[in-house]
Amino acid sequence: MNNQLSPISWQTLFKKSIVWGIWLFFLAVFQTSFFSVFRPFGAVPDLVLPAVIVIAIYDRERMGTIAGIMGGYIADALGGVGLSLSPIVYMICGCIIALLAYSVLRRDFMSWVVGTVFSLIISGLASVIGAYFAAGAVHFDISDIFSRLLLPQFFASLLMGVPVYFLTKLIWSRFFNNREMEG
Amino acid sequence: MSKFFKSRFFIAALLCAIVLVTVPSVLSVMGLGNYVRSALGTAATPFRYAFTEVAEGIDGFVSYFREFDAINAENRILKDKIAELESRLEAAEATEEENRWLYGYLGLKREHIDYEFEAARVIGRESGNYMTIFTLNRGSMHDIEPNMPVVTEKGIVGYVSEVGANWCKVVTILETASSVGAFVERSGELGLVEGIYELKDDGICQMSYLPPDADIKVGDVILSSGIGSLYPRGLVIGTVTELIPDEFSRTLVASLKSAADLTDLRSVMIIKSFNAYTVSEEDAANE
């Protein structure tokens, strides 16, 4: 286990934030446009959260936290309505998965799958809370939300997250892998 | 792990996240705009437009295959409908033709209320290229008997020569075995219409035994006389096309074009009964 925090300079953190911010913005745009037409399993997949998990796994807890905040905010800005907890949820997912990747898990695809499943469940719970406020207590039907919203979105996100994993890892390998420990 | 959650970085990040959750939510509830969200949305618009266009293009292409079975099934249904409509159209055309045909007979029926008709279809033709013997789809089951006259709305076709259970054969007036007592409609000149072997292929028969000075000319309409004949009086036989004097018998022979078109005969009427024409003494004296 490695309990050491990632030694990364603020300058590097800032540069990485810009690159990952652009990438997450691009994914959010793609998610809210392309997948509003193509809906795997009848739902719009979440591409941003799987990308945040990749960043967290390979770029460690600080970048995972920042990527979570950025990704949640961008996803809400482009696709959310009303009350949305995404910045907090994505941030928590990002930092927890990053810490687990350096303590319990490994930096590989399976860790990403575990992290993404965990994150999607957390995100789903947040969606239930958001739906509760949007629909109101009288019209709130948990079984309906579960079958029509959460399950399709979960599987769609996991499925579409696979190419996102490889693309995000490709970006990380090209731009940041050799400078990972910089600072 | 707990070290990270106690770090200033995490606390700052958490505060930042809380601000990013609450501020937009509060602004949204207050109905105020959020400049950052607005800027992100503006920047995203051209990309969204491009991605949506691509997605819709792909969706249109994919939907062709996705909906192929449905389109195929629809195509089959439409083909069936077209076939059904074509069938109905054919039936309607047949009905229209039958109506025209029956309308023609209606005039005949009005003129001769004593006629009892039996409609029949031509189901067979004999005698080489030019058919002068027909088989009809009516027989003894329909009370058809030999020697019953067969007509169309235009004129005489012939007579029933042979009867089966559900069929009968008709010898036309063009056949050499046929002879019809006739008269000229305009002048009343009497004669006998017979089939001539050499002319029947042209649809021509002859009216013979006319006196050399008979009042007859080309274009005159010849009707059945009803005297000693299978045919009722007044049915059209044909029109005079040529007049030929016979030097040996010193009579006049008229060539007739049959009124009924025997080359394209499909439907006819069999006259099952009619009031036979009888010659009174006065008529006989006149004739």
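An account of the accompanying structure is given in this report. Per chain, the residues get numbers from 1 upward, laid out in the order the sequence is written. Here every chain gets a letter starting at A, and every ligand a number starting at 1, in the order they are written. The predicted nature of this model means local features are confined to residues of pLDDT at least 70 and side-chain atom pairs, given and counted, to a pLDDT of 80 or more, with totals for whole chains, interfaces and linings taken over all residues. Excluding hydrogens and water, the side-chain figures rest on all heavy atoms present in the structure.

**Re the overall build of chain A**
Rule in force here: Helix and strand assignments follow DSSP, with helices taken as H or I runs no shorter than four residues and strands as E runs no shorter than two, numbered in order from the N terminus. With a 1.4 Å probe rolled over the protein chains alone, any residue whose accessible area is under 20% of its type maximum counts as buried; one over 50% counts as exposed, and the rest are partly exposed. Whether two residues touch is decided by their heavy atoms; if any such pair falls within 4.5 Å, the residues are in contact. The Shrake-Rupley method, run with a 1.4 Å probe, gives the accessible areas here. Residue values count only the displayed protein chains as cover.
Looking only at helices and strands, chain A features five helices and zero strands. For chain A, the residues scored as buried account for 53% of the 183 residues in total. Of the contacts made within chain A by residues no fewer than 6 positions apart, 76% connect residues no fewer than 24 positions apart. When the accessible surface of chain A is totalled, it reaches about 8,200 Å², and 68% of it is carbon and sulfur.

**What about the pairing of strand 10 (residues 236-246) of chain B?**
All names here are of chain B. Filter applied, for reference: At least two bridges found by DSSP between two strands is the condition for calling them paired.
Where strand 9 (residues 221-224) meets strand 10, three bridges bridge the pair, whose relative direction is antiparallel. Note on strand 10: the bridge partner recorded for isoleucine 222 is glycine 238. Where strand 10 lies against strand 11 (residues 251-258), eight bridges are found, and the strand directions are antiparallel. Paired with valine 240 across the bridge in strand 11 is leucine 256. The turn joining strand 10 and strand 11, which pair antiparallel and follow one another in sequence, is formed by four residues; a positive phi near 55° is taken by arginine 250.

**Regarding the pattern of salt bridges**
Short version of the rule: Salt bridge, as used here, is a side-chain nitrogen of Lys or Arg placed within 4 Å of a carboxyl oxygen of Asp or Glu.
This model, assessed by the stated rule, comprises eight salt bridges over all chains. Residues joined in a network through salt bridges with shared partners are B:Glu118, B:Arg138 and B:Lys272.

**A short note on the interface of chain A and chain B**
Defined as follows: Buried area counts how much accessible surface, traced with a 1.4 Å probe, disappears from two parts once they are put together, with both parts' losses summed.
Chain A puts 37 residues into the contact, and the matching count from chain B is 31 residues. Each partner contributes to the roughly 2,900 Å² buried at the junction of chain A and chain B, and carbon and sulfur atoms together form 81% of this total. Three residues stand out in chain A for area buried against chain B, namely A:Val37, A:Phe38 and A:Tyr73, and they jointly supply 19% of the buried area on that side. Our count for the chain A to chain B interface comes out at zero salt bridges. Mapped onto the side of chain A that touches chain B, the elements with two or more residues apiece are helix 1 (10-37), helix 2 (48-79) and helix 3 (86-101) of chain A.

**Digging into helix 3 (residues 35-66) of chain B**
Filter applied, for reference: Bend, in this description, refers to the angle at a residue between axes fitted to the seven residues ending there and the seven starting there.
Maximal helix bending in helix 3 of chain B amounts to about 40°, located at B:Thr45; proline B:Pro46 follows within four positions. When helix 3 of chain B is considered as a whole, its buried residues turn out to be B:Leu40, B:Gly41, B:Ala44, B:Phe51, B:Ala55 and B:Ser63.

**Section: the environment of A:Ile97**
Residue and element names in this part refer to chain A. Along the polypeptide, isoleucine 97 turns up in helix 3. Since its relative accessible area comes to 1%, isoleucine 97 is described here as buried. Non-local contacts of isoleucine 97, meaning those with residues more than four positions away in its chain, are made with Ile53, Ile57, Gly115, Phe118 and Ser119.

**Quick look at the sheet that holds strand 9 of chain B**
Strands pair in a sheet through their backbones, by hydrogen bonds, and they do so in one of two ways: parallel or antiparallel. Operational definition: To obtain each axis, a line is fitted to C-alpha atoms, and for helices this fit is confined to the stretch in contact; angles are then taken between N-to-C directions over 0 to 180 degrees.
The sheet built from six strands closes into a barrel, its strands ordered 6-7-8-11-10-9 (chain B) with antiparallel pairing. With strand direction ignored, the average angle separating the axes of adjacent strands in the sheet is 40°.

**A short note on the packing of helix 2 of chain A against helix 3 of chain A**
Axes are the key here: two packed helices are described by the angle between their axes and the distance separating the axes. The cut-off we apply is this: When describing relative orientation, an angle under 35 degrees is termed roughly parallel and one over 145 degrees roughly antiparallel, while 65 to 115 degrees is termed roughly perpendicular and anything else oblique.
Helix 3 of chain A packs onto helix 2 of chain A with a crossing angle of 175° between their chain directions and a minimal axis gap of 7 Å. For the element pair helix 2 of chain A / helix 3 of chain A, the angle class is roughly antiparallel.

**Some words on the pairing of strand 6 (residues 179-184) of chain B**
Residue and element names in this part refer to chain B. The buried count for strand 6 comes to five of six residues, which makes it a mostly enclosed element. Pairing analysis gives five bridges linking strand 6 to strand 7 (residues 190-195), with the strands arranged antiparallel. Pairing of alanine 182 across the sheet is with glycine 191, part of strand 7. Looking at chain direction, strand 6 and strand 9 are connected through three bridges and run antiparallel. If you follow alanine 182 over to strand 9, its bridge partner there is serine 224.

Interpretation note: all reported values are geometric properties and have no functional meaning in isolation.
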